[in-house]
4 protein chains.
Amino acid sequence: MSIDTAELPDPEGPEDRPAPAGNPGWLSDDELSFVRGRLPVVYVEAVPVRLDGLGQVIEVGLLLRSTPDGVMTRALISGRVRYGETLREALFRHLENDLGPMAFPQMPTALVPAQIAEYFPMPGISSFVDERQHAVSLVYVVPVTGTCNPRQDALEVSWMSPEEALAPDTLDELPGGRGALLRQALSTVGY
Amino acid sequence: MSIDTAELPDPEGPEDRPAPAGNPGWLSDDELSFVRGRLPVVYVEAVPVRLDGLGQVIEVGLLLRSTPDGVMTRALISGRVRYGETLREALFRHLENDLGPMAFPQMPTALVPAQIAEYFPMPGISSFVDERQHAVSLVYVVPVTGTCNPRQDALEVSWMSPEEALAPDTLDELPGGRGALLRQALSTVGY
Amino acid sequence: MSIDTAELPDPEGPEDRPAPAGNPGWLSDDELSFVRGRLPVVYVEAVPVRLDGLGQVIEVGLLLRSTPDGVMTRALISGRVRYGETLREALFRHLENDLGPMAFPQMPTALVPAQIAEYFPMPGISSFVDERQHAVSLVYVVPVTGTCNPRQDALEVSWMSPEEALAPDTLDELPGGRGALLRQALSTVGY
Amino acid sequence: MSIDTAELPDPEGPEDRPAPAGNPGWLSDDELSFVRGRLPVVYVEAVPVRLDGLGQVIEVGLLLRSTPDGVMTRALISGRVRYGETLREALFRHLENDLGPMAFPQMPTALVPAQIAEYFPMPGISSFVDERQHAVSLVYVVPVTGTCNPRQDALEVSWMSPEEALAPDTLDELPGGRGALLRQALSTVGY
């Protein structure tokens with residue numbers, strides 16, 4: 001399968017869905033563009049996993065997204081934290097957005113994440129690049145127990161063994177250095 | 001309620017239940033006594049909790065145990081790791097022993113625990129005392145989703161709010177410094 | 001000692017010091033005010049500590065600040081992460097700002113912090129309140145090995161034993177719920 | 001370089017050095033052999049690293065050991081925790097044993113390690129194998145600031161970049177699955 005990671009869709013472009021009127025957390029295109037050039041943006045990211053009966057990770061879920069021009073790319077669950085929104089609310093919102101309402105994620109009990117990732121628009125500052133913004137991301141490994149039905153623009157959640165997920169070919173399909181991030185997140189659960 | 005923590009039962013006294021013949025992990029009284037004086041013993045401990053829909057801890061479970069002479073004492077879930085047994089197996093075994101088969105604990109995805117506790121038979125070396133042994137304990141916060149039916153010698157699992165669990169009176173009812181350990185474990189989930 | 005925590009100075013008011021011209025990370029008063037109402041702001045915080053030879057925390061440093069109207073208040077080291085700045089750079093900048101250039105902090109090897117704190121301008125959403133903004137803060141315990149000479153507006157770094165730092169009277173002197181945060185941070189190092 | 005990892009020396013064989021008379025933590029060959037077959041043994045392991053001024057790991061130290069029959073093998077710093085010894089004391093003792101008295105390690109402030117490793121004598125139970133014993137190991141990343149002069153049987157501490165340390169050829173030179181452990185430990189510091 002050919003996966004072009006050069007052009008990424010903005011999965012939230014500009015915002016995943018409008019918030020109720022008057023919610024200061026929802027930003028217009030212009031506002032989002034302005035603040036993205038002034039402040040690091042807080043993100044949450046999640047690696048969905050399936051567990052055996054003793055809590056060992058046995059499967060890893062990766063999103064398969066198509067860009068506006070039809071190119072496929074792999075992704076973690078990822079999205080920004082809005083003004084006034086707690087980290088737990090943001091994480092749950094993005095899990096539900098990307099996995100559907102029947103995924104039944106086991107939300108983390110601790111806010112301290114598995115990994116912290118820093119994204120910069122310019123390469124070379126950290127391991128991770130996001131052309132849109134400077135983002136500081138809290139990355140969680142999140143077990144899901146239900147059925148995943150991703151929203152429209154994520155065509156598929158593909159489940160694979162940790163070994164398959166960590167194969168160099170798979171890691172390379174995650175853009176912006178997120179292959180290394182997936183590897184770091186899975187190392188916290190023994191891989 | 002008056003709770004005397006001076007005399008503790010050995011909840012495993014000497015071993016919670018016999019292992020199949022030939023299992024080197026099960027030790028006779030004499031063997032256990034010998035090795036306990038030669039090596040630090042590996043323990044797992046768990047603080048059972050209940051969560052709201054976003055993963056926030058809303059209730060904490062404490063065991064209420066009666067000593068052989070009828071005195072009540074509070075306890076965390078706690079037990080040693082046997083030779084040949086994985087940490088996950090030991091944690092699950094002790095959770096099932098103390099909470100029953102219908103507790104449905106959410107086993108941790110990562111082996112790195114919320115806290116490490118060192119117990120010594122003599123006070124003053126660390127914050128924690130265990131008159132029976134030198135133990136190194138891996139302490140986890142474990143959400144349970146089902147119904148808890150403790151085995152016979154633990155009369156009750158009492159559920160309380162995190163604030164009640166952290167009240168000085170409650171913490172004092174945990175022997176051997178385990179009140180401080182409960183406080184440390186709950187601080188990892190935001191309390 | 002009477003410490004009024006009702007009115008806090010903005011220790012960065014509006015920004016601790018100007019950045020070089022053209023640095024998009026430095027914001028004017030109006031810009032900072034605008035973005036603070038639109039996005040959660042990324043913060044780093046640090047609890048400075050002194051260690052014994054085996055790495056055990058034996059002293060905790062708390063800043064003693066005077067507000068513009070002369071009231072004293074205790075504080076952790078704390079400040080925002082600028083656009084384009086790494087977390088390590090921000091942490092080091094704020095440590096140097098508040099402890100002086102001869103403090104020789106032992107910077108953390110891992111970016112995953114001891115605790116994550118969420119501040120909201122309105123009370124009740126999380127444990128922590130910051131009237132100025134919604135902030136997501138990464139909190140580190142940072143050993144210092146040198147001599148601390150705080151900048152002008154922090155009159156003093158007072159060093160005390162962990163027990164003194166955790167006394168209810170001391171914790172109450174930290175505004176916005178930061179007493180609980182100090183307690184949580186020190187629990188990761190065994191207190 | 002040809003490195004045979006099939007036959008490993010016991011770096012403590014049977015014990016690194018005698019303890020003072022009457023110390024129950026020191027075991028004779030027979031005693032150590034007996035307890036090793038009855039209980040999991042507590043270990044500490046360390047990955048020595050060098051940092052830049054902001055705390056980023058820039059070099060990784062690996063021990064180069066020769067077996068009794070002259071074969072070279074790579075190793076992490078590793079050793080058991082004795083009866084009555086704290087984890088900090090054991091970690092410091094093994095660091096000094098393997099790096100010499102002038103290494104000036106920055107001991108960890110928190111006891112919670114970067115990774116937990118379980119070793120079993122029989123392969124297939126966990127990722128890690130130790131033919132001598134069932135061990136539960138707490139693995140730390142430890143910055144050193146001084147000069148390393150290993151004791152006699154470790155011929156060399158070789159320093160290399162994180163990228164070199166993580167090269168498959170280097171990881172393969174660590175026996176018993178410890179290559180994966182080194183990878184997991186370095187992922188906690190951003191690699």
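The shown structure was predicted, so the numbers you read here are calculated from the model rather than taken from an experiment. (Residues numbered from 1 in each chain as written. Chains lettered and ligands numbered in written order. Predicted model: local features only at pLDDT ≥ 70, side-chain atom pairs only at ≥ 80, totals over all residues. Heavy atoms only, no water.)

Student: So, the overall build of chain A: which residues are in play, and what are the values?
Tutor: Looking only at helices and strands, chain A has 5 helices and 8 strands in total. Overall, chain A shows an N-to-C arrangement of helices and strands of α-β-β-β-β-α-β-β-β-β-α-α-α. Expressed as a percentage of its 191 residues, the buried residues of chain A come to 57%. Counting only contacts in chain A whose residues sit at least 6 apart along the sequence, the fraction spanning at least 24 positions is 69%. If you sum the accessible surface of chain A, you get close to 7,100 Å²; carbon and sulfur atoms cover 53% of it. (Helix = DSSP H or I, 4+ residues; strand = E, 2+ residues; numbered from the N terminus. Buried < 20%, exposed > 50% of the residue type's maximum accessible area, 1.4 Å probe, protein only. Contact = heavy atoms within 4.5 Å. Areas by Shrake-Rupley, 256 points an atom, 1.4 Å probe, with all protein chains shown as cover.)

Student: Describe the relation of the copies chain A and chain B, naming the residues involved and giving the relevant values.
Tutor: Both copies of the chain are related through a single rotation about an axis accompanied by a shift along the same axis. It takes a turn of 180 degrees to lay chain A on chain B, together with a shift of 0.0 Å along the axis; the resulting RMSD is 0.0 Å. What the superposition gives is, in effect, a two-fold axis relating one chain to the other. Distance from the rotation axis, computed per C-alpha, reaches its smallest value in chain A at A:Gln106: 4.1 Å. (Least-squares fit on C-alpha atoms with pLDDT ≥ 70 in both.)

Student: Would you mind going over the pairing of strand 1 (residues 41-51) of chain D in detail, with residue names and values included?
Tutor: Residue and element names in this part refer to chain D. Where burial is concerned, most of strand 1 is hidden: 9 out of the 11 residues are buried. With 9 bridges connecting them, strand 1 and strand 7 (residues 135-143) associate as parallel partners. Bridged to valine 49 within strand 7 is proline 143. With 4 bridges joining them, strand 1 and strand 4 (residues 77-80) adopt antiparallel strand pairing. Across the sheet, the residue bridging to glutamate 45 is serine 78, located in strand 4. Linkage of strand 1 to strand 2 (residues 57-66), two consecutive antiparallel strands, is achieved through a turn of 5 residues, within which glycine 55 is found at a positive phi near 95 degrees. (Pairing = 2+ DSSP bridges.)

Student: With reference to specific residues and values, describe the interface of chain A and chain C.
Tutor: Taken residue by residue, the interface counts 34 residues in chain A and 34 residues in chain C. Here chain A meets chain C over a buried area of about 3,000 Å², counting both sides, of which 74% is carbon and sulfur. If you look at where chain A meets chain C, you find 2 salt bridges. A:Glu31 serves as the salt-bridge partner of C:Arg38, at 3.4 Å between the closest nitrogen and oxygen. For the pair chain A and chain C, the number of links is 6 residue pairs in polar contact (both at pLDDT 80 or more). Of all the secondary-structure elements, those providing two or more residues to the side of chain A that touches chain C are helix 1 (29-36), strand 1 (41-51), strand 5 (115-120) and strand 7 (135-143) of chain A. (Buried area = accessible area lost by both parts, 1.4 Å probe. Salt bridge = Lys/Arg side-chain N within 4 Å of Asp/Glu carboxyl O. Polar contact = N/O pair within 3.5 Å; in protein donor to acceptor, adjacent residues only side chain to side chain.)

Student: Can you tell me about the packing of aromatic side chains, naming the residues and giving the values?
Tutor: Counted by the stated rule, this structure contains 6 aromatic pairs over all chains. Relative to B:Phe128, the ring of B:Tyr119 has its centre 5.6 Å away and its plane inclined at 45 degrees; by these criteria the two rings are tilted. The burial state of B:Tyr119 is the same as that of B:Phe128; both residues are buried. Just above the ring of A:Trp159 sits the side chain of A:Arg50; from NZ or CZ to the centre is 4.5 Å. (Phe/Tyr/Trp six-rings, centres within 6.5 Å; stacked < 30°, edge-to-face > 60°. Lys NZ or Arg CZ within 6 Å of the ring centre and 35° of its normal.)

Student: Can you break down the packing of helix 1 (residues 29-36) of chain B against helix 1 (residues 29-36) of chain D residue by residue, with the values?
Tutor: As a packed pair, helix 1 of chain B and helix 1 of chain D sit with axes 11 Å apart at the nearest point and diverge in direction by 120 degrees. Considering their axes alone, helix 1 of chain B and helix 1 of chain D lie oblique with respect to each other. Handedness of the helix 1 of chain B/helix 1 of chain D crossing: left-handed. Facing helix 1 of chain B, whose interface residues are B:Glu31, B:Phe34 and B:Val35, helix 1 of chain D presents D:Glu31, D:Phe34 and D:Val35. (Axes fitted to C-alpha atoms, helices over the stretch in contact; angles between N-to-C directions. Parallel < 35°, antiparallel > 145°, perpendicular 65-115°, else oblique. Left-handed = near helix turned anticlockwise from the far one by under 90°.)

Student: Provide a residue-level description of the side chain of A:Arg88, including the pertinent values.
Tutor: If you trace the backbone, A:Arg88 turns up in helix 2 (residues 87-99). A polar contact of 3.2 Å, which involves the side chain of A:Arg88, links it to the side chain of B:Gln56. In this structure A:Arg88 touches A:Met107, A:Pro108, A:Thr109, A:Ala110, A:Leu111, B:Leu54, B:Gly55 and B:Gln56, once residues within four positions along its chain are discounted.

Student: Lay out the confidence of the model for chain A with the relevant residues and their values.
Tutor: As a general rule, the predicted coordinates of low-pLDDT regions are not to be interpreted in detail. Residue and element names in this part refer to chain A. When pLDDT is averaged along chain A, the result is 87; 86% of the residues meet or exceed 70. Under a pLDDT of 50 for its full length, residues 1-11 has, in the predicted model, 30 contacts with residues more than four places off or in other chains. For this predicted complex, the interface score ipTM comes out at 0.88, alongside a pTM of 0.90. (pLDDT = per-residue confidence, 0-100.)

Student: Provide a residue-level description of the relation of the copies chain A and chain C, including the pertinent values.
Tutor: With an RMSD of 0.0 Å, chain A superimposes on chain C once it is rotated by 180 degrees and translated 0.0 Å along the axis. When the interface residues of chain A are mapped onto chain C, 100% of them again lie at the interface, so the same face is used by both copies.

Student: Describe the interface of chain A and chain B, naming the residues involved and giving the relevant values.
Tutor: At the junction of the two partners, chain A supplies 16 residues and chain B supplies 16 residues. Counting the surface lost from both chain A and chain B, the interface buries some 1,400 Å², and carbon and sulfur atoms represent 60% of this. Interface area lost by chain A to chain B is led by A:Leu54, A:Arg88 and A:Thr109, which between them contribute 43%. Taken together, chain A and chain B are joined by 6 residue pairs in polar contact (both at pLDDT 80 or more). Per-element accounting of the side of chain A that touches chain B gives the leading share, 3 residues, to helix 2 of chain A.

Student: Kindly report on the pattern of salt bridges, identifying the contributing residues and their values.
Tutor: This model, assessed by the stated rule, comprises 28 salt bridges over all chains. Linked by salt bridges that have partners in common, A:Glu45, A:Asp130, A:Arg132 and A:Arg178 make up one network.

Student: Give me the lowdown on the environment of D:Gly79, citing residues and values where you can.
Tutor: All names here are of chain D. Relative to the helices and strands, glycine 79 is located in strand 4. The exposure class assigned to glycine 79 is buried, which follows from its relative accessible area of 0%. Along the primary structure glycine 79 and arginine 93 are separated by 14 residues, whereas in three dimensions their C-alpha atoms are 9.0 Å apart.

Student: Account for the nonpolar core, with residues named and values stated.
Tutor: Judged by nonpolar contacts, the single largest core of 57 residues is most densely connected at A:Leu182, A:Leu186 and C:Leu182. The contact partners of A:Leu182, leaving out residues within four places of it in the chain, are A:Val47, A:Val60, A:Leu62, A:Leu76, A:Ala165, A:Leu171 and A:Leu174. Within the second largest apolar cluster, 56 residues are counted, among which are B:Val139, D:Val57, D:Val141 and D:Ala165. (Core = buried A, V, L, I, M, F, W, Y, C linked by side-chain atoms within 4.5 Å.)

Student: Could you give me a rundown of helix 5 (residues 178-187) of chain C, with the residues and numbers involved?
Tutor: For helix 5 of chain C, a buried count of 8 out of 10 residues is recorded, marking the element as mostly surrounded by other parts of the structure. Listing the buried residues of helix 5 of chain C in full gives C:Arg178, C:Gly179, C:Leu181, C:Leu182, C:Gln184, C:Ala185, C:Leu186 and C:Ser187.

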